[in-house]
Amino acid sequence: MKRVIIGGIIMLSGLLITLSIIIIGTIYAINTNSKLWIAIFGRKEFGNEVVNSLFVGFPFVIGVIFSLLGFIILGYEYFKTFKVKE
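Here the structure is a predicted model, which means the values were calculated and not measured.

**A look at the pattern of salt bridges**
Note on pairing: side chains with opposite charge can pair once their charged atoms come close.
Logical step 1: Enumeration over the complete set of coordinates arrives at two salt bridges.
Logical step 2: With its nearest N and O atoms 3.5 Å apart, the salt bridge here joins Glu77 to Arg3. Remark: Arg3 occurs in helix α1 (residues 2-32) and Glu77 occurs in helix α3 (residues 57-85); sequence separation between them is 74 residues.
Logical step 3: Given the relative accessible area of 49%, Arg3 is considered partly exposed.

**Side note on the packing of aromatic side chains**
Logical step 1: Summed over the entire model, instances satisfying the criterion amount to six aromatic pairs.
Logical step 2: Consider the rings of Phe41 and Phe60, whose centres lie 5.7 Å apart with planes at 90°: the pair is edge-to-face. Separated by 19 residues along the polypeptide, Phe41 in helix α2 (residues 36-41) and Phe60 in helix α3 bring together distant segments of the chain.
Logical step 3: An angle of 80° between the planes, with centres 5.2 Å apart, marks the rings of Tyr78 and Phe82 as edge-to-face. Note that Tyr78 and Phe82 are positioned in helix α3 at a spacing of four residues, about one turn of the helix.

**Points about the confidence of the model for the protein chain**
Logical step 1: Mean pLDDT over the protein chain stands at 89; residues scoring 70 or higher make up 92%.
Logical step 2: Here α2 stands out as the element of the protein chain with the lowest mean pLDDT, 90, in contrast to α1, whose mean of 95 is the highest.

**Quick word on unusual backbone geometry**
Logical step 1: Phi at Asn33 is positive, roughly 55°, even though this residue is not glycine.
Logical step 2: As for its position among the elements, Asn33 is in the loop between α1 and α2.
Logical step 3: Exposure remark for Asn33: the relative accessible area of 74% places this residue in the exposed category.
Logical step 4: Backbone geometry places Phe55, a non-glycine residue, at a positive phi of 55°.
Logical step 5: Relative to the helices and strands, Phe55 is located in the loop between α2 and α3.

Conventions adopted
Residues numbered from 1 in each chain as written. Predicted model: local features only at pLDDT ≥ 70, side-chain atom pairs only at ≥ 80, totals over all residues. Heavy atoms only, no water. Salt bridge = Lys/Arg side-chain N within 4 Å of Asp/Glu carboxyl O. Helix = DSSP H or I, 4+ residues; strand = E, 2+ residues; numbered from the N terminus. Buried < 20%, exposed > 50% of the residue type's maximum accessible area, 1.4 Å probe, protein only. Phe/Tyr/Trp six-rings, centres within 6.5 Å; stacked < 30°, edge-to-face > 60°. pLDDT = per-residue confidence, 0-100.

Pasting the structure below:
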């Protein structure tokens, strides 16, 4: 039961991070007339051109990793219950 709670908290925190960055990036992309992934991850600057980006790619990737890690923990604990019953 302890691992299920830990896995759930890790997954929910990762989802919260990821979804909040997507929402913020969407709002920023609409206001700056940019694409969503450019607003999140950024791109190289060419000369004096202004880059319209938030540069939050690293926290976005960390949130995805947390979500996947929590999902793996929950999946492992779920399938472990079938082995105990048999």
